[in-house]
Amino acid sequence: MRLSQYFMPTLKETPAEAQIVSHRLMLRAGMVRQSSAGIYSWLPLGLRVLKRIEQVVREEQDASGAQEVLMPTIQPADLWRESGRYDDYGKEMLRIKDRHERDMLYGPTNEEQITEIFRSYVRSYRELPKNLYHIQWKFRDEQRPRFGVMRGREFLMKDAYSFDVDEAGARHAYNKMFWAYLRTYQRLGLQAIPMRAATGPIGGNLSHEFIILAETGESSVFCDTEYLKTDFLATPVAYDDVKGLAKAIEGFVARYAATDEQHDEKRFAAEVPDGRRYQGKGIEVGHIFYFGTKYSAPMKALVSDPAGNMVPVHMGSYGIGVSRLAGAIIEASHDKDGIIWPASVSPFDVGLINLKSGDAKVDAVCADLYGKLRQAGKQVLYDDRDERAGAKFADMDLIGLPWQVIVGPKGVAAGKVELKRRATGQREEIPAEALAQHLR
Ligand code: ATP
Ligand code: MG
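Residues numbered from 1 in each chain as written. Chains lettered and ligands numbered in written order. Predicted model: local features only at pLDDT ≥ 70, side-chain atom pairs only at ≥ 80, totals over all residues. Heavy atoms only, no water.

(A) View of the packing of helix α6 (residues 167-187) against helix α7 (residues 242-253). Here α6 crosses α7 at 55°, and the two axes come no closer than 10 Å. In terms of orientation, α6 and α7 fall into the oblique class. The element α6 and its partner α7 pack so that their crossing is left-handed. Seen from α6, the contacting residues are H172, N175, K176, F178, W179 and L182; seen from α7, they are V242, L245, A246, A248, I249, F252 and V253. Considering only residue class, the contact of α6 with α7 consists of ten nonpolar, two polar and one charged. (Axes fitted to C-alpha atoms, helices over the stretch in contact; angles between N-to-C directions. Helix = DSSP H or I, 4+ residues; strand = E, 2+ residues; numbered from the N terminus. Parallel < 35°, antiparallel > 145°, perpendicular 65-115°, else oblique. Left-handed = near helix turned anticlockwise from the far one by under 90°. Contact = heavy atoms within 4.5 Å. Nonpolar A, V, L, I, M, F, W, Y, C, P; charged D, E, K, R; others polar.)

Structure, rendered in structure tokens:
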């Protein structure tokens, strides 16, 4: 993409309305535009990031055996009357009437909707287990939408729903999602810590929140900082290995980690040595629940068990805040100059900076590199604008692509370009023709 043609409205000034760094940087980098409180348009740069986060989430859901569907944003109120949640949900639910005066709602979550689909087709334990997920916009009329996309009213969530004939099966389904979550966050460059959590309005008896430590978070958390040293991707566990998976997860959750609702000060002090006790804020980037038959019993989602009895199916639900993650990743990865994207979600792989647009030789080298990098499979943002070098550097640092290739007249005369790593600021000169190979 040529920056001269790209729609990337960066701001030099810090927007006054933004209280936390991720919100400021998302506005300054031209990633999102507020439409009304807690409701955002995603501009080209922001949408690229959102899509890439979504893709990592999708790949790990698929790898765990979950299957993607797409349920609607607008749901009939009658479904929620069946579960009893229509009246319970309160003001966070946006209630709508259609032209026939039928009660509808903009879905804040999809337990009822998926239960209705399941009960329409599945009758026997032989068809289980199943896990269906979608990545869809939700609406919750939050009392205090704030911090940009971190606490929006309209936000993108991945929500998965598991179905098993009994509790043992459901626990394995829970463990599979647990594992997929650990892998997902690590691929996103985050250290998310699973914390025992209260189950709240979703109900049930087993629940973990996945939380990244950040002073700008809204959850109060207590945990052992040893968690930050764990490499989940390095631990191979097969999803169909029921015992192995349970054991691996038990190992990971043995250390202390709890949100304030579940916190036990005595245990915290006794179990976590001095110097390893984190007590502070965190950002909830995911939440998983096993809730048994809470929805299947009232909604009559029944399957035959091996003994031939019709029993309500055991369910779990598993959410990831996809749009919140865009902000959370920035909270975890930035410096005074701007965003530092992990390579896995960066909107482009490489920023190519032409220090003297209009200079025939520099233009030619840039055009050549632009082509070759793209041929090598790289997504390239080429700053071909007629701007001061300082402005180009500032914009490139602000938007945080992992690599910058800097091409100026001096280097071109010597057959060299400069390669800068955004995360460290390290620069090296390399021959122009070696660049594409080098970045591979
Ligand atoms: P919170 O405690 O932050 O209000 P929640 O517990 O109500 O979140 P869940 O129902 O567990 O949220 O939703 C699953 C995930 O969706 C959360 O872990 C979070 O990452 C994301 N999420 C929830 N509410 C919002 C919101 N208002 N804006 C952006 N993301 C959200
Ligand atoms: Mg939650």
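What follows picks up the thread again.
(B) Broad picture of the coordination of the magnesium ion (ligand 2). Coordination of the magnesium ion (ligand 2) by the protein involves E284 (OE) and H287 (ND1), with metal-donor separations of 2.1 to 2.3 Å. Using a relative accessible area of 24% as the deciding quantity, one classes E284 as partly exposed. (Donors = N, O, S within 2.8 Å, 3.2 Å for Na, K, Ca; no water. Buried < 20%, exposed > 50% of the residue type's maximum accessible area, 1.4 Å probe, protein only.)

(C) Seen up close, the site of ligand 1. Neighbouring residues of ligand 1: 14 residues in total, closest R140, E142, R151, G152 and E284. Within the contact set of ligand 1, an oxygen atom lies 3.0 Å away from a side-chain nitrogen or oxygen of R140. In isolation ligand 1 offers 580 Å² of accessible surface; the protein chains occlude 85% of this area. Taken together, the elements giving at least two residues each to the shell around ligand 1 come down to β8 (154-164) and β13 (277-292). (Near = heavy atom within 4 Å. Polar contact = N/O pair within 3.5 Å; in protein donor to acceptor, adjacent residues only side chain to side chain. Areas by Shrake-Rupley, 256 points an atom, 1.4 Å probe, with all protein chains shown as cover.)

(D) Expanded view of the sheet that holds strand β4 (residues 74-76). Strands sit in the order β4-β6-β5 across an open sheet of three strands; the sheet is antiparallel. Each of the sheet's edge strands pairs with one partner strand only, and the pair in question is β4 and β5 (94-97). Averaged over all neighbouring strand pairs, the angle between strand axes comes to 35°, with direction disregarded. Pairing analysis gives four bridges linking β5 to strand β6 (residues 103-106), with the strands arranged antiparallel. (Pairing = 2+ DSSP bridges.)

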